[in-house]
Amino acid sequence: QVQLVESGGGLVQAGGSLRLSCAASGIIFSINRMGWYRQAPGKQRELVASIISSGTTNYADSVKGRFTISRDNAKNTVYLQMNSLKPEDTADYYCNANLRGTWYSGFEDYWGQGTQVTVSS
């Protein structure tokens, strides 16, 4: 019913930049929150950044000042601009959306398949 498709991952040198995109499609009435999570090998998945309907954003301390999350509501797309990348940013990045398909539905979480980000030193 709802699909999240990420793009923009790849290989970049330390200090470089990447922009991740996540487009939500399907039956969507409203989106409460969208965000990006990441999971490095052998580590737990962690929240990187999120944005709610009001536009308020949250960031992990490790990425504050370097990453920026934004959303294009008309396209149901969220972006993550990643600057000054560090090797420790290397991970699989997953898009998450908390949304409902109708006005009477409860909000549910959906996940993308993930996109790989590798930062070389």
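That block above? That's the structure.
Bear in mind that the values here come from a model prediction, so they are computed numbers and not experimental data. (Residues numbered from 1 in each chain as written. Predicted model: local features only at pLDDT ≥ 70, side-chain atom pairs only at ≥ 80, totals over all residues. Heavy atoms only, no water.)

**Q** Where do I start with the overall build of the protein in this structure?
**A** A tally of regular secondary structure across the protein gives 0 helices and 11 strands. The secondary structure elements of the protein, listed N-terminal to C-terminal, are β-β-β-β-β-β-β-β-β-β-β. A compact globule built from 121 residues would reach a C-alpha radius of gyration of about 14 Å, and the protein, at 14 Å, matches this within 12%. Buried residues in the protein amount to 38% of all 121 residues. By element, 45% of the accessible surface of the protein is carried by carbon and sulfur atoms, the whole surface being about 6600 Å². Taking the average place of the 11 positive charges on the side chains of the protein and the average place of its 9 negative ones, the gap between the two points comes to 4 Å. (Helix = DSSP H or I, 4+ residues; strand = E, 2+ residues; numbered from the N terminus. Rg over C-alpha atoms; globule rule 2.2 N^0.38 Å. Buried < 20%, exposed > 50% of the residue type's maximum accessible area, 1.4 Å probe, protein only. Areas by Shrake-Rupley, 256 points an atom, 1.4 Å probe, with all protein chains shown as cover. Lys, Arg positive; Asp, Glu negative; His and termini not counted. Charge placed at Lys NZ, Arg CZ, Asp CG, Glu CD.)

**Q** Whenever I open this one, the packing of aromatic side chains confuses me. Can you help?
**A** The description of two aromatic rings rests on the distance between their centres and on the angle between their planes. With the rule as written, the count across this model stands at 2 aromatic pairs. On the basis of an interplanar angle of 90 degrees and a centroid distance of 5.6 Å, the ring pair of Trp103 and Tyr104 is categorised as edge-to-face. A single burial state applies to Trp103 and to Tyr104, both of which are exposed. Seen from the ring of Tyr94, Arg45 lies directly overhead, with NZ or CZ sitting 3.9 Å from the centre. Above the face of the Trp111 ring, Arg45 is positioned so that its terminal group lies 5.0 Å from the ring centre. (Phe/Tyr/Trp six-rings, centres within 6.5 Å; stacked < 30°, edge-to-face > 60°. Lys NZ or Arg CZ within 6 Å of the ring centre and 35° of its normal.)

**Q** I would appreciate a short explanation of unusual backbone geometry in the present structure.
**A** Note: most residues except glycine have negative phi, and most peptide bonds are trans. Positioned with a positive phi, Asn76 is a non-glycine residue whose angle comes to about 50 degrees. Counting through the fold element by element, Asn76 comes out in the loop between β7 (67–72) and β8 (77–82). Residue Ser84 is not a glycine yet carries a positive backbone phi of 50 degrees. Structurally, Ser84 can be placed in the loop between β8 and β9 (91–100). The class for Ser84 is partly exposed, based on a relative accessible area of 41%.

**Q** Hey, could you run me through the sheet that holds strand β3 (residues 18–26) in this one?
**A** Strand pairing in a sheet relies on backbone hydrogen bonds, with the paired strands running either antiparallel or parallel. Taken in spatial order, the 4 strands of this open sheet run β1-β3-β8-β7, and their pairing is antiparallel. What marks the edges here is a single partner per strand, and that holds for β1 (2–7) and β7. The mean angle between the axes of side-by-side strands here comes to 15 degrees, regardless of whether they run parallel or antiparallel. Note that β3 and β8 share 6 bridges and pair antiparallel. Bridging from a neighbouring strand, Arg19 pairs with Gln81 of β8. (Pairing = 2+ DSSP bridges. Axes fitted to C-alpha atoms, helices over the stretch in contact; angles between N-to-C directions.)

**Q** Explain the nonpolar core here, please?
**A** A general tendency of soluble globular proteins is for nonpolar side chains to be buried together. Counting residues in hydrophobic clusters, the biggest one holds 30 residues, and the most contacted among them are Trp36, Leu80, Met82 and Tyr93. The set of elements that each furnish at least two residues to this core consists of β1, β3, β4 (30–39), β5 (46–52), β7, β8, β9 and β11 (115–120). With 5 residues, the single largest contributor to this core is β9. For Leu80, the contacting residues outside a window of four places in its chain are Leu18, Arg19, Leu20, Trp36, Val48, Ala49, Phe67, Thr68, Ile69 and Tyr93. (Core = buried A, V, L, I, M, F, W, Y, C linked by side-chain atoms within 4.5 Å. Contact = heavy atoms within 4.5 Å.)

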